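# Structure at a glance
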Amino acid sequence: MTEVTEALIVIDVQNDFCPGGALAVAGGDEIIPRINALMQEIPVTVLTQDWHPEDHSSFASNHPSAEPFSVIEMPYGPQTLWPAHCVQGNAGAAFHPALTLDPADMILRKGFRAAIDSYSAFYENDHVTPTGLAGYLRERGVTDLTFTGLALDFCVAWSAIDAAKLGFTVRVLEGACRAIDLNGSLEAARKAMVAAGVTLAK
Ligand code: VGL
Ligand code: ZN
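Everything quoted here is computed from the prediction, not taken from an experiment.

Take the site of ligand 1 next. What surrounds ligand 1 is the set Asp 12, Phe 17, Leu 23, Asp 50, Trp 82, His 85, Leu 150, Ala 151, Phe 154 and Cys 155. One of the backbone N or O atoms of Ala 151 is found 2.9 Å from an oxygen atom in ligand 1. Coverage of ligand 1 by the protein chains reaches 100% of its 260 Å² of free accessible surface. Judged by its atoms lying within 2 Å of the grid points, ligand 1 is housed in the largest cavity. Classifying every residue of the shell around ligand 1 by side-chain character gives seven nonpolar, one polar and two charged.

Set out below in structure tokens:
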């Protein structure tokens, strides 16, 4: 059996996070050629897909009189309310058409429970409910993770921090990510990643 120790994790490169999408991240589509090239270099690729039911509690539209980008208190802590995005089966939830899908070993969907959001690819936003990704990677002998995708200051950062806490060696390629940058969230995310032992690279 060939030993594989390194995986590329591609976070949420979906139409709704790219220009023209419901929660567009500026320049979100610009990172795709580099991500496609990385899939040819790194032996294991995992793609994540934000995958919400219509009645998802992270959508501002599901809270009477709440504004998008405001923060509410949920049983598991503070939660930013977003415009409805990545609704299961809709075009906005599909991967961007320029993203290469064939090299992916695994596609992990997250955020599919209405009552809880899941920024991280490893745990839902309660930081307790696992997605199963850690077990998948460990069973395959993967120890080193390279993160790319959208958005750097939310799903990429939360995933990278959880991965470091779980004992993986973690690198985030900032040039292969784009950020939402809401109320200083990008600087806060960078600091939190560094504090967790994540390496930030170009
Ligand atoms: C994301 C906000 C809401 C992300 C997902 O992929 O960073 N951000 N859902
Ligand atoms: Zn989402």
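Following the structure, the description resumes.
This part covers the coordination of the zinc ion (ligand 2). Around the zinc ion (ligand 2), the donor atoms from the protein are Asp 50 (OD), His 52 (NE2) and His 85 (NE2), and they sit 2.0 to 2.2 Å away. Around the zinc ion (ligand 2), the four donor atoms sit at angles spanning 88 to 169 degrees, and that spread fits a shape best called irregular. Taken in chain order, the donor set of the zinc ion (ligand 2) reads D-x1-H-x32-H. In this pair, the class of Asp 50 matches that of His 52, namely buried.

Of the voids in this model, the largest pocket is the one considered here, and its volume is about 200 Å³. Around the largest pocket sit His 127, Asp 153, Phe 154, Ala 157, Trp 158, Ile 161, Asp 162, Lys 165, Ser 185, Ala 188, Ala 189 and Ala 192, which together line it. Among the elements that make up the lining of the largest pocket, the one with the highest residue count is helix α3 (residues 152-165) (seven residues).

With respect to the element layout, His 96 can be found in the loop between β4 (77-80) and β5 (106-110). Residue class for His 96 comes out buried when judged on its relative accessible area of 17%. Of the polar contacts made by the side chain of His 96, one reaches the backbone nitrogen of Ala 98; its length is 3.0 Å. Among all residues touching His 96, those that are not within four sequence positions of it are Val 13, Gln 14, Asn 15, Cys 18, Asp 29 and Ile 32.

Look at α3 against helix α4 (residues 185-195): their axes get within 10 Å of each other, and the N-to-C directions meet at 10 degrees. Classified by the angle between their axes, α3 and α4 sit roughly parallel to one another. For the pair α3 and α4, the contacting residues are Leu 152, Asp 153, Phe 154, Ala 157, Ala 160 and Ile 161 in the first and Ser 185, Leu 186, Ala 189, Ala 192 and Met 193 in the second. Residue classes in the contact of α3 with α4 are distributed as nine nonpolar, one polar and one charged.

Calculation rules
Residues numbered from 1 in each chain as written. Chains lettered and ligands numbered in written order. Predicted model: local features only at pLDDT ≥ 70, side-chain atom pairs only at ≥ 80, totals over all residues. Heavy atoms only, no water. Near = heavy atom within 4 Å. Polar contact = N/O pair within 3.5 Å; in protein donor to acceptor, adjacent residues only side chain to side chain. Areas by Shrake-Rupley, 256 points an atom, 1.4 Å probe, with all protein chains shown as cover. 1 Å grid on protein atoms, 1.4 Å probe; cavity = no way out; pocket = protein on both sides within 12 Å on 5 of 7 lines; lining within 4 Å. Sits in = over half its atoms within 2 Å of the grid points. Nonpolar A, V, L, I, M, F, W, Y, C, P; charged D, E, K, R; others polar. Donors = N, O, S within 2.8 Å, 3.2 Å for Na, K, Ca; no water. Tetrahedral: all angles 85-135°; square planar, octahedral: opposite > 155°, others 65-115°. Buried < 20%, exposed > 50% of the residue type's maximum accessible area, 1.4 Å probe, protein only. Points joined across faces, edges and corners; volume = space filled by probe spheres on them. Helix = DSSP H or I, 4+ residues; strand = E, 2+ residues; numbered from the N terminus. Contact = heavy atoms within 4.5 Å. Axes fitted to C-alpha atoms, helices over the stretch in contact; angles between N-to-C directions. Parallel < 35°, antiparallel > 145°, perpendicular 65-115°, else oblique.

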